Amino acid sequence: MFERLKAMLIKEFIQTFRDPRMRLVLFILPMVQTVIFGYAVNMDVRKIPTAVIDRDNSPQSRELLQVLFASGHFRDSIRLENEQQAARLLDSGSVRVALVINHGLAGQLGAGKAATVQALVDGSDSNTAGVILGYLSRFAEAQNIRLLTEQTGRSGFPLLSGAVRMEARAWFNPDLASPPFYVPAVIANILYIITMLLSAMAVVREKEIGTIEQVIVTPIRKYEFILGKTLPFVLIGYANVFLISLVGWLVFRVPVRGSITLLIVATGLFLMSSLGTGLFLSTISQTQQQAKMSAFFIIFIAMLLSGFAFPVENMPLPVQWLTLINPVRWFMEIIRGLYLKGVGLMILWKQLLMLFLIGSAVLGVAVARFRKTVG
């Protein structure tokens, strides 16, 4: 058995790495994709082009704007005279925000009254607009606290009794940066894509070049054939996890805070699903092109329903039920838990169990279909 399995492994490795470009695709390209995703898929918004209409033109209004632009989130792009000019710039996309400070700001602040600053925000990109509004909200809260502190100091007693001050702290990702959130997810997506595509072409390649009949008449058993076909891709999958994790740590400073052993186990359970799905597609396809197109169709849906960019909780209820059979969703939760939170088996047992159940079912169907196909 071990001799036959060894022969199959050698054959598969030679066939996989025969083309030098394939080595590039399997090992170098995932690291490049990790770097690109880490920098390109970024929800942080900085240097927002901002127009200003300052009708008050007082020391207080100038100080307010100076503090706002010193934060680094906003860039003082242009000073305007009226709202019509601001509307034209927002329409053309030249600015994302237009701030309007009306007359009387200094007097209202000096009298301890509330002063209103209007912000016109480009809402064509709802995600960016939401981030901008969040920045402005936090800035306004910080200014209120600063003014309250100054007025209290001048008067010698609190101006507002019972005022509430909220201090927020973000756990696991204190800076709310995007790379720690997206880099671990890239591991799940790249691992799913590579291993499914490789296994999807494993059996159909033998059919296409006419060697499947030669394999059938050899003394190799069916489970040995399946092991010989999938085990090289398991090793390639683990190699990719190691390389991408290394890039995430060296480039983006995103370490694995949880158990490495648990990551290895979770990766193995996830590979059961990806390789099983690819093997199933390989048995029902007649050409490698058919297998690739079928794999890409499944990969696209699995990534959309994984929580990679959109929270599963925000999806319609029927779609949430559909995500229960999506292995990428469960592996995404595991890998983010290990990278960001450092949680262990007590927290991630449900996700591991779901991966095991999905992987066993998919692999079982693929093996049954394979037996029917070549039997």
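Residues numbered from 1 in each chain as written. Predicted model: local features only at pLDDT ≥ 70, side-chain atom pairs only at ≥ 80, totals over all residues. Heavy atoms only, no water.

(A) Geometry of the pattern of salt bridges. By the definition in use, this model includes three salt bridges. For the salt bridge of Arg79 with Asp76, the shortest nitrogen-to-oxygen distance reads 2.8 Å. In this structure, the salt-bridge partner of Arg329 is Glu333, at a minimum N-O distance of 3.1 Å. Separated by four residues within a single helix, Arg329 and Glu333 lie in helix 14 (residues 327-341), roughly one turn from each other. A relative accessible area of 12% means that Arg329 is categorised as buried. Taking the relative accessible area as the measure of exposure, Glu333 reaches 27% and is therefore partly exposed. (Salt bridge = Lys/Arg side-chain N within 4 Å of Asp/Glu carboxyl O. Helix = DSSP H or I, 4+ residues; strand = E, 2+ residues; numbered from the N terminus. Buried < 20%, exposed > 50% of the residue type's maximum accessible area, 1.4 Å probe, protein only.)

(B) Quick look at the pairing of strand 1 (residues 48-54). Within strand 1, seven of the seven residues are buried, which leaves the element mostly enclosed by the surrounding structure. Here strand 1 shows two buried faces, one formed by Ile48, Thr50, Val52 and Asp54 and the other by Pro49, Ala51 and Ile53. Two elements, strand 1 and strand 2 (residues 74-79), share five bridges in a ladder whose sense is parallel. Counterpart to Thr50 in the pairing with strand 2 is Asp76. At this point the chain moves from strand 1, through helix 3 (residues 59-70), to the parallel strand 2, and the crossover so formed is right-handed. Bridge analysis of strand 1 against strand 3 (residues 97-101) gives five bridges, and the strand direction is parallel. (Pairing = 2+ DSSP bridges. Right-handed = clockwise from strand over helix to strand, strands pointing away.)

(C) Representation of the sheet that holds strand 4 (residues 117-121). Taken in spatial order, the four strands line up as 2-1-3-4 in an open sheet, and their pairing is mixed. Each edge of the open sheet is held by one strand with a lone partner, namely strand 2 and strand 4. Recorded for the sheet is a direction-independent mean angle of 30° between the axes of neighbouring strands. Seen against the sheet, helix 4 (residues 83-92) touches strand 1, strand 2, strand 3 and strand 4 and runs at an angle of roughly 170° to strand 3. (Axes fitted to C-alpha atoms, helices over the stretch in contact; angles between N-to-C directions. Contact = heavy atoms within 4.5 Å.)

Everything listed here is a matter of coordinates, which is why it stays silent on function.
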